[in-house]
Every structure is written in structure tokens, then in C-alpha cells.
Amino acid sequence: MGQLRLSIALAACFSASFVMAQNVPELSGPQPDPMRSVPAAPIAQFVTDDVRQMRAYPEQPPVIPHSIEGYQLSVNTNRCMSCHTREMTRGSGAPMISITHYMTREAQMLADVSPRRYFCTQCHVPQADAPALIGNTFTDMSELGATGAGSE
Ligand code: HEC
Ligand code: HEC
């Protein structure tokens, strides 16, 4: 009896994984020869027109409107900070990293960028001039009936 139950359970697991396996995208290379190389699509151009973009919502990390090609961002060197840190903004004309970037997670203000904000490209990304991969139904909150202060 115990064995029968076990085999029914196993059969259920097996058929469930079979059904799920059908929804998993193909991970192997081209068929019938998975080892054959395939030509890579050209990488889309980044928008580098220096025009700061509107944020889609207030807390959005602004997108990067300039080239970051070859900018080193490692434990020892942060090229972004050579323009965006408070001390450098007068010469670079770059917007200062916001005040939140000097704050630790305990809301302690530091003299330099907080470690949790050090790796800029974790949150800030350049934009590519490429068609969207999937459809997007995002609606700006101002179109959802919220009106801005002073707009009436
Ligand atoms: C040579 C100076 C310089 C360096 C290096 C630099 N930036 Fe900038 N950045 C600017 C300037 C100037 C602007 C203002 C817009 C413009 O002119 O492109 C800007 C704009 C931005 C903005 C848009 C801010 C907003 O409010 O819209 C982001 C985000 C940004 N940079 C992130 C980065 C990151 C991340 C790096 C490193 C990978 C970096 N920058 C390196 C000079 C620099
Ligand atoms: C953990 C995510 C995160 C990281 C890492 C991060 N940022 Fe930001 N950044 C944000 C968010 C969110 C905003 C907008 C809200 C705010 O100001 O905090 C922002 C805002 C900015 C702005 C606009 C400031 C303004 O007043 O208009 C600049 C410039 C910027 N970041 C540059 C940088 C640079 C340079 C680095 C790396 C040293 C960096 N950020 C790292 C999330 C991040």
C-alpha cells in the first residue's frame, strides 16, 4: 500500500516536471548541431545626446544620457565619481549625486559616497536606441488622475 502511494506521488512529480519542462526556453545552441556558432546581432547604439531624461516616477534612478564606454568602475576606481562627486561638479558641470547617495542605510550622512551607492551602474543605465523587447503598458501617474501641486 505504502509503495503504491509512493509510486503515485512519484508519477505525479514526474508528469508535473514534464509539463513544466515544456515551458522552459531552449537553452542549448542551434539545432541539430548545438555546438555550431551563430552570428550575434549587432549591439544597439546607446543614446549619448547629453539630454537629461524625465523620470518616469519620482524615485527612478535617472538614466545616463552620455557615453560610459571604457569608464572604469571597480573596487579601486570609480570614474563616475570623478565628475559626479560634490567636489568635482564645479569643474565637470555634472549633476551632483543626490543627497541619498551620501547616506548609509541607518541614515547616517557620510563625507563620501555610501558603499551601498558605490556601484553606479547597479541602478543607473544608459538607454539604447532599440525597439522594446516586449510590450509595455506603463502609465505615468499624472495620467492616472493625480494632479500636480499648483496645477488648478
Ligand atoms: C566626464 C564627466 C562625467 C563622467 C566621467 C560621468 N558623467 Fe554622468 N554626467 C555628466 C554630465 C556633464 C551630465 C549632464 C548631462 C550631460 O551633459 O550628459 C551627466 C549626467 C548623468 C546622469 C543623468 C542625471 C539626471 O539627473 O538626469 C546620470 C544618471 C549619470 N550622469 C551617471 C553617470 C555614471 C553612472 C557614470 C559612470 C559610469 C558617469 N555618469 C560618468 C558627466 C560625467
Ligand atoms: C542603489 C541604487 C543607486 C546607486 C548604486 C546609485 N544611484 Fe544615483 N540615484 C538613484 C536613485 C533612486 C536616484 C533618484 C532619487 C534620489 O535622488 O535618491 C538617483 C539619483 C542620481 C542622480 C541625480 C541627482 C539629482 O539631484 O538630480 C545622479 C547624478 C546620480 N544618481 C548619480 C549616481 C552615481 C554617479 C552613482 C555611483 C557613484 C550612483 N548614482 C549610484 C539610485 C542609485
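Conventions and cut-offs
Residues numbered from 1 in each chain as written. Chains lettered and ligands numbered in written order. Predicted model: local features only at pLDDT ≥ 70, side-chain atom pairs only at ≥ 80, totals over all residues. pLDDT = per-residue confidence, 0-100. Helix = DSSP H or I, 4+ residues; strand = E, 2+ residues; numbered from the N terminus. Near = placed C-beta within 6 Å. Nonpolar A, V, L, I, M, F, W, Y, C, P; charged D, E, K, R; others polar. Contact = placed C-beta atoms within 7 Å. Buried ≥ 20, exposed ≤ 12 C-beta atoms within 10 Å, placed from the backbone.

Colleague: Can you break down the confidence of the model for the chain residue by residue, with the values?
Modeller: For the chain, the average pLDDT comes to 86, and 84% of its residues sit at 70 or higher. Averaged pLDDT values over the elements of the chain bottom out at 61 in helix H1 (residues 2-21) and peak at 97 in helix H2 (residues 81-84).

Colleague: Describe the site of ligand 2, with residues and values.
Modeller: Near ligand 2 you find 20 residues, and of these Pro61, Ser98, Thr100, Cys120 and Cys123 are the closest. A per-class count over the shell around ligand 2 returns eleven nonpolar, seven polar and two charged.

Colleague: Explain the environment of Met96 to me, using residue names and the numbers behind them.
Modeller: Inspection of the secondary structure assignment puts Met96 in the segment after helix H3 (89-92). For the pair formed by Met96 and Met81, sequence separation is 15 residues and the distance between their alpha carbons is 9.2 Å. Contact partners of Met96, with chain neighbours within four places excluded, come to His84, Arg86 and Thr89.

Colleague: I'd like a rundown of the environment of Val125, residues and numbers included.
Modeller: With respect to the secondary-structure elements, Val125 resides in the segment after H3. You can call Val125 partly exposed: it has 14 C-beta atoms within 10 Å. Between the C-alpha atom of Val125 and that of Pro62, which follows or precedes it by 63 residues, the distance is 8.1 Å. The residues touching Val125, leaving out its near neighbours within four places in the chain, are Val63 and Ile64.

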